[in-house]
Amino acid sequence: MSTLKKQVLVTGGAGFIGSHSVELLLQHGFNVRVLDNLSNGHLSNLPIHPRLEFMRGDIRHADDVKTAMHGITHCLHLAAQVSVSSSVEDPVGSATHNILGALNVMHAAAQAKVTKLVYASSAAVYGSPSQLPLQEECATQPLSPYGLEKWVDERYAALLHSLHGLPSMGLRYFNVYGPRQDPHSPYAGVIARFLDRLLDHQAPVIFGDGHQSRDFIYVGDIARANLAALLSPQDGVCNVATGKSIDLLNLLGHLRHLSQCHLPARHMPAKAEDIRHSCGDTQRLLAWLALEPQWSLQQGLAELINYQRQVRMARPTALSANA
Ligand SMILES: NC(=O)c1ccc[n+]([C@@H]2O[C@H](COP(=O)([O-])OP(=O)(O)OC[C@H]3O[C@@H](n4cnc5c(N)ncnc54)[C@H](O)[C@@H]3O)[C@@H](O)[C@H]2O)c1
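Residues numbered from 1 in each chain as written. Predicted model: local features only at pLDDT ≥ 70, side-chain atom pairs only at ≥ 80, totals over all residues. Heavy atoms only, no water.

Moving on, we get to the overall build of the protein. If you tally the helices and strands in the protein, you get 11 helices and 13 strands. With the C-alpha coordinates aligned to their principal axes, the bounding extent of the protein is approximately 55 × 55 × 40 Å. Going through the 323 residues of the protein one by one, you find that 52% of them count as buried. Excluding contacts between residues fewer than 6 apart, the proportion of contacts in the protein whose partners are at least 24 apart in sequence is 79%. Only carbon and sulfur atoms are counted for the fraction: they give 54% of the accessible area of the protein, which is about 14800 Å². Here the protein carries 26 positive and 26 negative side-chain charges, and the mean point of each set is 4 Å from the other. (Helix = DSSP H or I, 4+ residues; strand = E, 2+ residues; numbered from the N terminus. Buried < 20%, exposed > 50% of the residue type's maximum accessible area, 1.4 Å probe, protein only. Contact = heavy atoms within 4.5 Å. Areas by Shrake-Rupley, 256 points an atom, 1.4 Å probe, with all protein chains shown as cover. Lys, Arg positive; Asp, Glu negative; His and termini not counted. Charge placed at Lys NZ, Arg CZ, Asp CG, Glu CD.)

Below, the structure is given as structure tokens:
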């Protein structure tokens with residue numbers, strides 16, 4: 001099949017990871033349809049392009065998903081309730097998106113006999129690590145409803161493979177950062193929040209002592225993994241990580257240095273659902289998808305700082321906004 005005939009449905013395509021993935025898929029000649037309810041995504045994240053179609057709809061509604069799946073050959077499922085804290089506060093609401101919504105997408109993909117379904121899982125499926133770096137075979141003991149929901153999605157994908165032969169790959173993203181992650185959203189990642197505070201000349205907030213570590217991966221590398229997984233014959237789950245971790249105090253040091261904003265952190269009590277250390281093993285990413293991260297942390301942070309500065313410069317000042 002030629003690339004031009006590939007019709008990809010991207011659920012959650014107007015969001016942070018979705019919009020970067022859509023751009024890359026368009027660059028590779030795919031026809032792209034986005035299904036998004038715009039609860040956390042923005043139309044302004046998407047380019048205007050003759051091969052891009054937008055459908056406003058909700059993965060919790062089977063009819064919306066069925067309509068969106070019409071004529072689709074490949075599906076990238078990213079739409080989700082993405083906040084770990086919200087999943088703790090409202091596990092039922094979170095599960096309607098992340099389990100029932102995901103099942104709507106998987107079932108429709110199986111019915112449509114798509115060539116490949118790629119869906120967003122998460123490093124949150126591991127919970128507190130039994131070993132580091134985390135390999136895909138490690139025990140999964142999620143610490144939050146969000147992590148459990150992503151694990152249930154993986155089980156459903158495996159079941160639909162054996163029941164209906166649905167080819168799929170679940171990507172366990174580690175901590176993703178980059179342009180278009182909204183720092184003001186309650187779901188924002190720590191890098192977006194730290195940087196936003198620094199650029200506003202306010203003290204960044206650290207929950208806990210700051211020695212907790214994470215494997216941060218740039219959103220451009222996530223989009224590359226999504227594309228490679230859509231084209232891969234492999235089936236199963238795969239980490240998308242860098243294999244390197246950094247603690248929050250050191251991360252803040254890099255951000256201070258790169259942004260030239262030298263403010264001390266304010267510490268708040270640690271959150272119970274927070275994992276202490278996280279780092280992903282990347283052997284499968286290399287073996288299955290032939291992928292090595294292209295952006296170092298320094299390069300990715302520099303891109304993000306440039307982007308955040310441009311966004312700030314484009315904002316109307318209080319004076320011109322009132323004029
Ligand atoms: N950002 C990370 O660090 C990270 C890490 C691991 C996994 N993930 C997963 O990656 C995926 C994308 O995350 P993101 O960071 O881009 O978040 P995001 O909030 O920017 O994107 C999610 C998109 O889904 C849409 N959406 C939400 N509920 C919907 C529904 N019921 N129906 C239709 N659309 C809906 C939102 O409007 C948004 O555009 C999610 O599945 C998330 O769980 C993200």
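Don't stop here, the text continues.
This paragraph deals with the sheet that holds strand 11 (residues 236-240). With parallel pairing, the seven strands of this open sheet are ordered in space as 3-2-1-4-5-6-11. Because the sheet does not close on itself, it has two edges, and the strands there are strand 3 (52-56) and strand 11. For this sheet the average axis-to-axis angle between neighbouring strands, irrespective of direction, equals 20 degrees. In the packing of helix 2 (residues 62-69) onto the sheet, contacts are made with strand 1 (7-11), strand 2 (31-36), strand 3 and strand 4 (74-77), and the angle to strand 2 comes to roughly 175 degrees. (Pairing = 2+ DSSP bridges. Axes fitted to C-alpha atoms, helices over the stretch in contact; angles between N-to-C directions.)

Residues V10, L25, V32, L171, Y173, F216 and L251 are the most contacted members of the largest nonpolar core, which totals 57 residues. Those residues in contact with L171 that sit more than four places away from it in its chain are V118, Y119, A120, S121, S122, A225, N226, A229, C238, V240 and L289. One finds A79, V105, A110 and L160 within the second-largest nonpolar core, a separate group that totals 22 residues. (Core = buried A, V, L, I, M, F, W, Y, C linked by side-chain atoms within 4.5 Å.)

Below, the discussion takes up the packing of aromatic side chains. When we look at a pair of aromatic rings, we describe it by the centre distance and by the angle of the planes. All told, the structure shown has three aromatic pairs when counted by the stated rule. Ring centres of Y126 and F174 lie 6.3 Å apart, and the angle between their planes is 40 degrees; on these two criteria the pair is classed as tilted. Here Y126, found in the loop between strand 5 (116-122) and helix 5 (145-164), pairs with F174, found in the loop between strand 6 (168-173) and strand 7 (175-177); they are 48 residues apart in sequence, far enough to count as distant. The exposure class assigned to F174 is buried, which follows from its relative accessible area of 6%. Ring centres of Y218 and W295 lie 4.7 Å apart, and the angle between their planes is 40 degrees; on these two criteria the pair is classed as tilted. You can see Y218 sitting in strand 10 (residues 216-218) and its partner W295 sitting in the loop between helix 9 (283-289) and helix 10 (297-314), a full 77 residues away along the chain. (Phe/Tyr/Trp six-rings, centres within 6.5 Å; stacked < 30°, edge-to-face > 60°.)

Right, let's get into the packing of helix 4 (residues 91-111) against helix 5. At a closest axis distance of 10 Å, the pairing of helix 4 and helix 5 adopts a crossing angle of 20 degrees. With respect to helix 5, the element helix 4 is oriented roughly parallel. For the pair helix 4 and helix 5, the sense of crossing is right-handed. Of helix 5, the residues touching helix 4 (which contributes P91, S94, A95, N98, I99, A102, L103, M106, H107 and A110) are P145, Y146, E149, V152, D153, Y156, A157, L160 and H164. In terms of residue class, the contact of helix 4 with helix 5 is built from 13 nonpolar, four polar and two charged. (Parallel < 35°, antiparallel > 145°, perpendicular 65-115°, else oblique. Left-handed = near helix turned anticlockwise from the far one by under 90°. Nonpolar A, V, L, I, M, F, W, Y, C, P; charged D, E, K, R; others polar.)

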